[in-house]
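# Results of the structural survey
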Amino acid sequence: MASRSVMVPPHQQLSATLRRGVSTTSVEACTSKGCSFGPMTSARTQEAPPQGVITLVVNVDDARTVNARWTSPSAPNGFMYYEAMFTGLYYVAPENNNYNTISETRTLYNGTNADVFVSVSGLIPDSSYQVRVQGSNTPGSLLSEMQAIGMPPSYPDGVLPPSLYALSPTSIQSQWQEPGRNNAPGNPSFQLQYRLASNFGTEQDIFDNPTRVLTYIKSGLTAYTEYEFRVVAINNYGQTESDWTSQFTLEDGNSRESEEGRLQLTTLCIVSGPVDAPMATIINPQILLVTWEYPEQPNGVIMRIRVFQNDVLRVTIPGNVTAFEADDLSPYSNYYFKVEMCNSVGCTTSPNSQVYTTPQASPTGQSPPTLLSNTPTSIVITWRAPSSPNGPLIGYEIERRRQGTSSVTPVVSVGPNGPLNYMDRSPSIVPYTTYEYRIRVSNPSGSANSLWNDVTTRPAPPGGVAAPTIVILDHKSVNVIWEPPARSNGEIISYTIHMPDPRVHIGNPNITSYTVEGLVAYTQYSVTIEACTPGGCTESSPTLAQTDPYFPEGQAPPRGDPITQSYISVIWSPPSKPNGPGIRYDLHRMKVRQSLETGVIIGLGFWELIYQGTNIDYQDVGLTTFTTYQYRVTVYNNIGPTTSDPSEEVTTLAGIPRQSGSITAVVLDHISVQLNWTTPTLQELQGEVVAYYIDYRWDSDMSAWSIHQGLMLTSWMTWIQTLVMNLCRPSLMERIILVVQRICETLDGAPSGFDPPIIYVISPSAVRVAWKAPSQPNGEITKYSVYRDDVQITMLPPTVQSHVFSDLQPYTVYAMQVEVCTVYDCILSNITYTTTLEAPPAGISPPNLRVLGSQDMDINWAAPSQPNGIIQQYEVLRRAVVSCDNELGDPSDPDAEVCTYRECSITESICGTQCYSGNQVCCGGILHDYQSGYECCDTNYLPGRNSPSDVCCGGRFTPSLPNHECCQGQYVQVLAGQICCPDPGENRVAVGFGDVCCGGVPFENSGPQICCAGEFYGKNQGLCCRGDFVAFDAFHDGFNSKCCGGSVIESNQVCCEENGEGVGYEPDSDMECCGTDYIDPDVTLCCVNDAGSAKVHYYTNSAAKSSANEHCCGLQNIGPSQSCCNNIGYNPATHVCADRSTTAQGGKSGGGTLCPISQAPLHTVIAYILMNQRTAYEMCDFDPNTHTCGAIEGYHVTAPPTPAGNPGNRDGQCHSDYSVFMSEDPMLTVIKVCNNFGG
């Protein structure tokens, strides 16, 4: 190393530029006496990026290795590292026998060597690579130029061992696959080698020459011997051997042919002898230690042992193991074990061990409950038993908390055998609120909680809807302001303002005020606000508001009616909209024409005020004869006036003529006369000519005149003043008179000739009043009024001439009158008295009993409070009171009546159970008077719909909405798959997913539960039979059971039922059911009535039944020649059955009464049911020409009969049927009162 010296004056520093690398420095200090050196110090300069060129040389060493050499750069400028990077093919994962190739760049060398050859391996034969070297120091790097190399072919890679299969004691099949890569052109060939296991150096080639096959079966081997095989893959550049793999040949045995020709196998050795049952030791609730002993006679080497747990293979272990720890067991569970020991020939299984029960532990696997809210204040909780009870369960406890709170509330405790569902109807549950529930399950060892699950209760109608505030804006608009409900109970979806008419629907829930326009001035409205959620609507209490007054509107013109030559009666109607208080009128009159006046007419065309006041009529007198007027009315309220249009012209009547007309007759021949006449002037007639009437009379002596004929010339012929008549008789004196008719029309007068009404008695509570029009109406009939006992009951239009009173008392005298009216006046008919029919007595008090002795009793009673007729007799009835254990006989159920009759006039219709006619409307069985623009909605009669699409729901019209339906009077949203269920106890509904309702809750019938009497049960718990839940017993389950009456039987049995009772029988193809009996139809007749009761009639044999040829009539058997009426047989040749109506659509109605054919009008007998106090009777003398017998669908049942033998009181006593008192046994008695009509 060269050295250099530099001299520096004292007190100065030295800065020098050194070469890169390490430099050594020392300081020599000199004085006048001499110099001395200090210690040596080394220093290295910082690195810089290398500079220069890296030259690369690559030589192929073999098919998988190359030698590479590179130079260092001329100026390394630091410590150099070198990376040799090869881009080409590589195996993906040869260590895992994955010889698929991937092309990528890998660094195969990393070091500091340079200017020397480096050996790089790991390359793939028969492939090409791109090589370059990167030299780097800390600040930078240099890359050499790319060098391309090609690797030569070589022997295959990836040769795997063959797969071996023992086919027999002397043969093994080998299968192998192509090598991972051949590494040379073409395909490889194979050699298969084998040897005895671990017998090195004895391997043998199986093929004489390499082959391309991939499978081979080697035969001629020794039985039950282990052999090793390997595959050699060969190409033109070498070969590769796989690893050795081994396989035993199968065990061998001797075979012989049995006498039956079947091949039986006799093994060379014997399977192991008997094996004792294993034993177990309980470690903890989840672990048992299972141990066993070897058999005394193993008969070979025990190669494997299989342990079975509860007959299921648990584990297979080597034959030298004698214990097994069974873990992951369930606490409080029964386990038993057995072991199977196997040698080379076969296996022997031990008996089952004794049953071991693991100790109890706290339950595990309790899943969260399933929650469903079908109503706003109830939640259905359903849960499953824990997957691991780990002991006998004590029960479940349901806990609840409101979401977002930490306070937990116990809901209910359920026993271990109770239903796994519960409906929480706690008063603390409120609508539209989220609650969380969990299940706490317990056994004697502890408790466990499920995770929480949450549910939101359904919305309900809002609560606390306050009355709105009303601000009057003007005479036809108000501003309605309201507050949101105090408790919304759901999302508010709309508001509706009810005035009640108009009705304004507001779909935006954010709006809390609305201006209602188009109202009627000075009208008081009852305004309510209705708030709606998806759960329903709530209407507030009303706020009364009155619009401002305004000018009157709708004043119609008055009407004038001439009464005399100087008197006109004027009448007018009040305005259709008074619009304010203080209604009063001004009546003005204007003279239009005065035809009889020849001079100056005074007051023509001038409106004159003639009346001021509050009346709506005025008698205008003192007028001139035959003068035309017009009238108009000005109506006032406190705001101002409104004037009507002028009335139609009205003319006073003509006066008495002052001069008659003159007529002359000229005889033309023996039968013809020419007549000529003159007409008086208008002033002379005091009116206009409207017609001429020529009357001619004759008589032989002229002493007596008789009218022969006349001729009328109407107003359009009044211009004629001459006429030739050819109606005279020869040689006869005739007198001809000219009558000139003036305008002189009279007004309507009071009717006359009105006869008293005609009364038709219908029933004890109904009569029909009919009348004829008056013989001289004297005008147009405007109305009829019907009076009962001097009280006006109804007014009817002139087209109606009958009325039915249906609210009368039985056996009561009534006075009926009818009033007929014209515009001018009314007249009341004379009275017609009528008496309603008798009815069964009512108001019968129980009798008073006084015991006189052991066999005597005093019975007294009071007369009925409502005799409803003439009492003819009393019957004392009695019945026995005995223990229910005694047999009182079979009940007798009468036929159910399938409809009700109602007798009406042939001109009437039926509404519900009432007859009606005239201007009335029937809405759902309720009668209303007709009003224009109104229509029915349920039983209400309301103003018509605002839109044709409006829906009638709950007795009012509601705008139609999508996915909505009417449910128990509420218009609610019901989406697809949902159902609306009315609550049976409250006025609300529940909407939810399901297909049926259960106690007001939507329910999915195909789910894991059933609904019975409004409660939920699991389908695996029992069945719902006749509305009662019947739990399964030990002999029935949900898979092979069915209901039969109120009990459960096996599904393959035959169920015979009657009136809710059922009996199960084993099936027999020759038998059939009759009620609860299982009978042979060949020797029996089964009769069933309309009520479902059955009775069996027996015959000695089938021939006896055939010869009898009987058929059923109710529960009785009758002969072939008889017909049936009301469960009674009769002769159709002499009687008919009254059991049909004139309007029923076929079929039977009522009970039916036997009537002689002689009584049947027109050979037809029609039933007549009298509706009064739940009694029904049929008539044989019904006249279908004047009346209609209407059938009303439904049942008419007084009360269901109490079967004999049923408990009669809380002491377990039963009552027999009543019978007329006939003996002196100790009996209880009651009273039945009878009259002409019934008892």
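Here, the structure is the one placed above.
Residues numbered from 1 in each chain as written. Predicted model: local features only at pLDDT ≥ 70, side-chain atom pairs only at ≥ 80, totals over all residues. Heavy atoms only, no water.

### Regarding the overall build of the chain
Here is the rule we go by: Each helix is a run of H or I in the DSSP string that is no shorter than four residues. Each strand is a run of E no shorter than two, and both are numbered from the N terminus. Any residue under 20% of the maximum accessible area for its type is buried, any over 50% is exposed, and the rest in between are partly exposed; the area is computed with a 1.4 Å probe on protein chains only. Any two residues having at least one pair of non-hydrogen atoms within 4.5 Å are treated as being in contact. Each accessible area is a Shrake-Rupley estimate made with a 1.4 Å probe; only the visible protein chains count as cover when residues are assessed.
Scanning the chain for helices and strands turns up two helices and 110 strands. Residues classed as buried in the chain amount to 38% of the 1239 residues present. Considering only residue pairs separated by 6 or more positions, the chain has 56% of its internal contacts joining residues 24 or more positions apart. Of the roughly 67400 Å² of accessible surface on the chain, 49% is carried by carbon and sulfur atoms.

### Some words on the nonpolar core
Rules: Take the buried residues of types Ala, Val, Leu, Ile, Met, Phe, Trp, Tyr and Cys, join any two whose side-chain atoms come within 4.5 Å, and each joined set is a nonpolar core.
Core analysis: the largest hydrophobic core is formed by 24 residues, its most contacted members being Val66, Trp70, Phe86, Tyr129 and Ile149. Among the elements of the structure, strand E5 (56–62), strand E6 (65–70), strand E7 (81–93), strand E8 (98–111), strand E9 (117–120) and strand E10 (128–136) are those that each provide at least two residues to this core. Of all the elements, E7 adds the most residues to this core, at five residues. Those residues in contact with Val66 that lie beyond four places of it in its chain are Val58, Asn59, Val60, Asp61, Phe86, Val118, Ser119, Val120, Leu123, Ile149 and Met151. Counting residues in hydrophobic clusters, the runner-up holds 18 residues, among them Val465, Ile492, Tyr495 and Val527.

### Quick look at the packing of aromatic side chains
For clarity, the cut-off: Stacked, edge-to-face and tilted are the three classes for Phe, Tyr and Trp ring pairs, Trp counted by its six-membered ring, which pair at centre distances within 6.5 Å; planes under 30 degrees apart are stacked, over 60 edge-to-face, the rest tilted. Only lysine NZ and arginine CZ atoms are considered, and such an atom sits over a ring when it is within 6 Å of the ring centre and within 35 degrees of the ring normal.
Going through the model one piece at a time under the given rule, you end up with 20 aromatic pairs. Arranged with centres 6.2 Å apart and planes meeting at 55°, the rings of Trp572 and Tyr611 form a pair that is tilted. Of this pair, Trp572 sits in the loop between strand E49 (567–571) and strand E50 (584–594) while Tyr611 sits in strand E51 (residues 607–613), and the two are 39 residues apart along the sequence. Its relative accessible area of 3% is what places Trp572 among the buried residues. In this structure Tyr611 comes out as buried when scored by relative accessible area, which is 13%. Centre to centre, the rings of Tyr611 and Tyr618 are 5.5 Å apart; their planes meet at 35°, and the pair counts as tilted. Put simply, the rings of Trp176, Phe190, Phe207 and Tyr216 pair up and form one aromatic cluster. Over the face of the ring belonging to Trp244 we find Arg195, whose NZ or CZ atom lies 3.9 Å from the ring centre.

### Some details on empty space enclosed by the protein
Our working definition: A cavity here means a set of 1 Å grid points, computed over protein atoms only, where a 1.4 Å probe fits but cannot escape. A pocket is an open set with protein on both sides within 12 Å along at least 5 of 7 lines, and lining residues have an atom within 4 Å of a point. Grid points are joined across faces, edges and corners, and a volume is the space filled by probe spheres set on the points.
Going through the model one piece at a time under the given rule, you end up with one cavity of 30 Å³ or more. A volume near 70 Å³ is recorded for the largest cavity. Around the largest cavity, the lining residues are Asn374, Thr375, Pro376, Arg458, Pro459, Pro534, Gly535, Val972, Val989, Ala990 and Val991. For the lining of the largest cavity, the secondary-structure elements that each account for two or more residues are strand E32 (370–375) and strand E86 (989–993). Of the residues forming the lining of the largest cavity, the biggest block, three residues, is contributed by E86.

### Some thoughts on the state of the cysteines
As a reminder, the rule being used: By convention in this document, the label disulfide applies to cysteine sulfur atom pairs within 2.5 Å.
Taken as a whole and assessed by the stated rule, the structure comprises 19 disulfides. Cys967 shares a disulfide with Cys980; S-S distance 2.0 Å. Linking Cys967 and Cys980, the disulfide has an S-S dihedral of approximately -95° and is accordingly described as left-handed. One end of the pair, Cys967, is in strand E83 (residues 964–967); the other, Cys980, is in strand E85 (residues 978–982), and 13 residues separate them in sequence. The class for Cys967 is buried, based on a relative accessible area of 6%.

### So, the pattern of salt bridges
Stated precisely, the cut-off is as follows: In what follows, salt bridge is the name for a side-chain nitrogen of Lys or Arg lying within 4 Å of a carboxyl oxygen of Asp or Glu.
A complete count under the given rule lists 20 salt bridges for this structure. For Arg314, the salt bridge identified is with Asp327, shortest N-O distance 3.0 Å. Taken together, the positions of Arg314 in strand E26 (residues 312–318) and Asp327 in the loop between strand E27 (323–326) and strand E28 (334–335) put the pair 13 residues apart, joining distant regions of the chain. Each of the salt bridges in this network shares a partner with another, and the network as a whole consists of Arg195, Glu203 and Glu228.

### Focus: the sheet that holds strand E56 (residues 662–667)
What counts, and what does not: Following DSSP output, two strands are said to pair if at least two bridges run between them. Axis lines are fitted to C-alpha atoms, over the contacting stretch for helices. Their N-to-C directions set the angle, which ranges from 0 to 180 degrees.
Pairing in this open sheet of three strands is antiparallel, and the strands run E56-E57-E60 from one edge to the other. Edge strands, defined here as strands with exactly one partner in the open sheet, are E56 and strand E60 (722–725). Taken pair by pair, the neighbouring strands of this sheet meet at an average axis angle of 20°, ignoring direction. Where strand E57 (residues 673–678) lies against E60, four bridges are found, and the strand directions are antiparallel.

### Side note on unusual backbone geometry
For the bond running from Met499 to Pro500, omega is -5°, close enough to zero to count as cis. Within the fold, Pro500 resides in the loop between strand E42 (494–498) and strand E43 (503–506). Of note, the bond from Asp501 into Pro502 is cis; its omega dihedral lies within 30 degrees of zero at 15°. With respect to the helices and strands, the residue Pro502 is situated in the loop between E42 and E43. Phi is positive for Asp126, which is not a glycine, with a value near 55°. Looking at the secondary structure, you find Asp126 in the loop between E9 and E10. With phi around 50°, Asn1109 is a residue other than glycine that occupies positive phi space. Topologically, Asn1109 is positioned in the loop between helix H2 (1102–1108) and strand E101 (1111–1113). Given a relative accessible area of 47%, Asn1109 falls into the partly exposed group.

### What about the sheet that holds strand E25 (residues 304–309)?
Strand pairing in a sheet takes place through backbone hydrogen bonds and is either antiparallel or parallel in direction. Strands sit in the order E26-E25-E29-E30 across an open sheet of four strands; the sheet is antiparallel. Here the strands that pair on one side only, and so sit at the sheet edges, are E26 and strand E30 (347–349). Ignoring strand direction, the axes of neighbouring strands in this sheet form an average angle of 20°. As paired strands, E25 and E26 are joined by six bridges and run antiparallel to one another. The residue of E26 that forms the bridge with Val307 is Val315.

Shape descriptors only; they carry no functional weight alone.
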